[in-house]
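Per-entry structural report
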Amino acid sequence: MAAEALRLLVVSTPVGTLGSGKGGGVELTLASLVAGLLERGHGLTVLAASGSRLPAGCERARLWTCPGVDQPSWQHQRRDAPVQIPVNALLPRLWQRAVAEQAGFDALINLAYDWLPFWLTPQLATPLLHLVSMGSVAEATDAVIAEVARWDQRRLAFHTLTQAKDFQLPEPPVVVGNGFDLRAYAFCAAPEPLLGWVGRIAPEKGLEDAARAAALLGRRLAVWGLVEDPAYAAAVEASVSAGTIDWRGFLPTAQLQAELGRCAALLNTPKWNEAYGNVVVEAMACGVPVVAYRRGGPGELVQPGVNGQLVPPDDVPALAAAVAGAEALDRRGCRTWVERSCSRAAFAERLERWLLAALGR
Ligand code: UDP
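Chains are numbered independently. Their residues run from 1 in the order of the written sequence. Totals for whole chains, interfaces and linings use all residues, but because this is a predicted model, local features are given only for residues with pLDDT of at least 70 and pairs of side-chain atoms are given and counted only at 80 or more. Values shown for side chains rest on all heavy atoms present in the structure; no hydrogens or waters enter the calculation.

Spatially, six strands are ordered E3-E2-E1-E4-E5-E6 in an open sheet, and the strand pairing comes out parallel. Single-partner strands in this sheet number two, and they are strand E3 (62-66) and strand E6 (156-157). In this analysis, strands are considered paired if DSSP registers two or more bridges between them. Helix and strand labels come from DSSP, where a helix needs a run of H or I of at least four residues and a strand needs a run of E of at least two; each type is numbered from the N terminus. Bridge analysis of strand E1 (residues 7-11) against strand E4 (residues 107-110) gives four bridges, and the strand direction is parallel. The residue bridging Val11 from the neighbouring strand is Asn110, located in E4. Residue contacts follow a heavy-atom distance rule, with two residues in contact if any of their heavy atoms lie within 4.5 Å. Axis lines are fitted through C-alpha atoms, for helices just across the contact stretch, and the angle between N-to-C directions can take any value from 0 to 180 degrees. Where helix H1 (residues 25-39) meets the sheet, it contacts E1, strand E2 (43-49) and strand E5 (128-131), and its direction lies at approximately 160° from that of E2. Its contacts with the sheet put helix H2 (residues 90-101) on E1, E2, E3, E4 and E5, and the angle it makes with E3 is roughly 130°.

What follows covers the packing of aromatic side chains. Aromatic rings considered in pairs are described by the distance between their centres and by the relative angle of their planes. Here a Phe, Tyr or Trp ring, Trp counted by its six-membered ring, pairs with any other such ring whose centre lies within 6.5 Å, and the pair is stacked when the planes are under 30 degrees apart, edge-to-face when over 60, and tilted otherwise. Under the counting rule described, the total for this entry stands at four aromatic pairs. Their ring planes at 80° and their centres at 5.8 Å tell us that Trp64 and Phe105 sit as a pair that is edge-to-face. Of this pair, Trp64 sits in strand E3 while Phe105 sits in the loop between H2 and E4, and the two are 41 residues apart along the sequence. Neither Trp64 nor Phe105 differs from the other in exposure class; each is buried. Between Trp115 and Trp119, the ring centres sit 5.5 Å apart and the planes meet at 15°, which makes this aromatic pair stacked. With Trp115 and Trp119 both in helix H3 (residues 115-120) and four residues apart, the pair spans about one turn of that helix. A relative accessible area of 27% means that Trp115 is categorised as partly exposed. Stacked on the ring of Trp64, the Lys or Arg Arg97 has its end atom at 4.2 Å from the ring centre. Only protein chains enter the accessibility calculation, which uses a 1.4 Å probe; a residue whose area is less than 20% of its type maximum is buried, one above 50% is exposed, and one in between is partly exposed. The rule is short: NZ of Lys or CZ of Arg within 6 Å of the ring centre and within 35 degrees of the ring normal puts a charge over the ring.

A separate point is the site of the ligand. Residues are labelled near a given molecule or strand when at least one of their non-hydrogen atoms is within 4 Å of it. Around the ligand there are 17 residues in total, and Gly25, Arg200, Lys205, Leu251 and Glu282 lie nearest to it. A 3.5 Å cut-off defines polar contacts: any pair of N or O atoms within that distance qualifies, except that in protein one atom must be a possible hydrogen donor and the other a possible acceptor, and neighbouring residues in sequence count only when both atoms are side-chain atoms. Arg200 places a side-chain nitrogen or oxygen 2.8 Å from an oxygen atom of the ligand. Within the backbone of Asn278, an N or O atom sits 3.2 Å from an oxygen atom of the ligand. When the free accessible area of the ligand is taken as 550 Å², the share hidden by the protein chains comes to 90%. Elements supplying a minimum of two residues to the shell around the ligand: H1 and helix H9 (278-285). Residue exposure ignores everything except the shown protein chains as possible cover, and the areas themselves are Shrake-Rupley values with a 1.4 Å probe.

All right, on to H9 then. Two residues of an α-helix separated by three or four positions point the same way, owing to the 3.6 residues in each turn. Across the eight residues of H9, eight count as buried, placing the element largely inside the fold. For H9, the set of buried residues is Asn278, Val279, Val280, Val281, Glu282, Ala283, Met284 and Ala285.

Now for the pattern of salt bridges. Within this document, salt bridges are pairs made up of a side-chain nitrogen of Lys or Arg and a carboxyl oxygen of Asp or Glu, the two lying within 4 Å of each other. As enumerated under the stated definition, the model contains 25 salt bridges in all. Here Asp106 ties to Arg361 by a salt bridge, and the two come within 3.8 Å at their closest N and O atoms. Here Asp106 is found in the loop between H2 and E4, whereas its partner Arg361 is found in the segment after helix H13 (344-358), with 255 residues between them in sequence. The salt bridge partner of Arg344 is Asp181, with a shortest N-O separation of 3.6 Å. One end of the pair, Arg344, is in helix H13; the other, Asp181, is in the loop between helix H5 (161-164) and strand E7 (195-198), with 163 residues separating them in the sequence. Of the residues examined, Arg344 reaches a relative accessible area of 8% and is grouped as buried.

Given below as structure tokens:
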């Protein structure tokens, strides 16, 4: 329980409705942040796109919604692209509402990697804090994040140290990791000889490498996730022999974890500096060891020999060769590592420490 209950407004991603999967890991982060801070006695309001649903565990939060057109995702543009605001855009509508309602809150929390909320930070009377959701993908956003950091770095938190290193920060970063409701993930002791891969089906996620590794091993690769880029998905399918990939679609957490838990190992192959890597922890929570590139958040989450194996980035033969070592690990050790390091309660405590320090309380 918190020493002092805070009234918090959490502004969600301007990409997709909550529950659609279009917001990627931010949807899970929001659910964990809101449920975790509610459990600690704080008052939470969520502001998100029209059609959003409050995730499980967040029922005691208030939900406000705005209509509007999605932001184009930054990771699919050139690094030097200018900031875009589409006609009837959702992003400025979310922030118009947040600015209008700010007096009713002790702090506003932004979960989106977008120029506008960072730029607004020094303009608002109510403290605006940011849990930065991505590594560096756009020069305009990176520059405004660096400006906020110079003005008052306490307003910024990051998921991992590796992610934070992408940004120009005068002080050591606040790293809050992420949190998982472990009751939602069942431990599976006896897997099938199946490899798994989970993520948005988009080039930055590097599915083609996992598919090639599975093909090298003559193993089947079950793939879960939202097809964000159908042409890319078709190219990956065509790059390996028919039947290598078993497309399972985008599933809600309850079904995803039940299927994912039956994998012998998860392959995680991002091409970008993944801010965290929710799916890595979700697999481990089910007892599934992870073979990942030594890059981004997964490079921090995977403890070689404990919950998986790390290999040099983009080295597909090394990825394939590391699978046997991962499969030999004690699956219970994967789950135990998650229980110790990534529980929702521990995440909420880290968030609360950050909030209270940023608010000078
Ligand atoms: N996810 C899901 N169902 C699926 C596949 C993925 O709910 O079938 C979720 C997964 O639980 C995770 C998110 O999608 O929370 C992906 O987050 P991650 O941090 O791995 O990557 P991002 O999409 O944010 O780049």
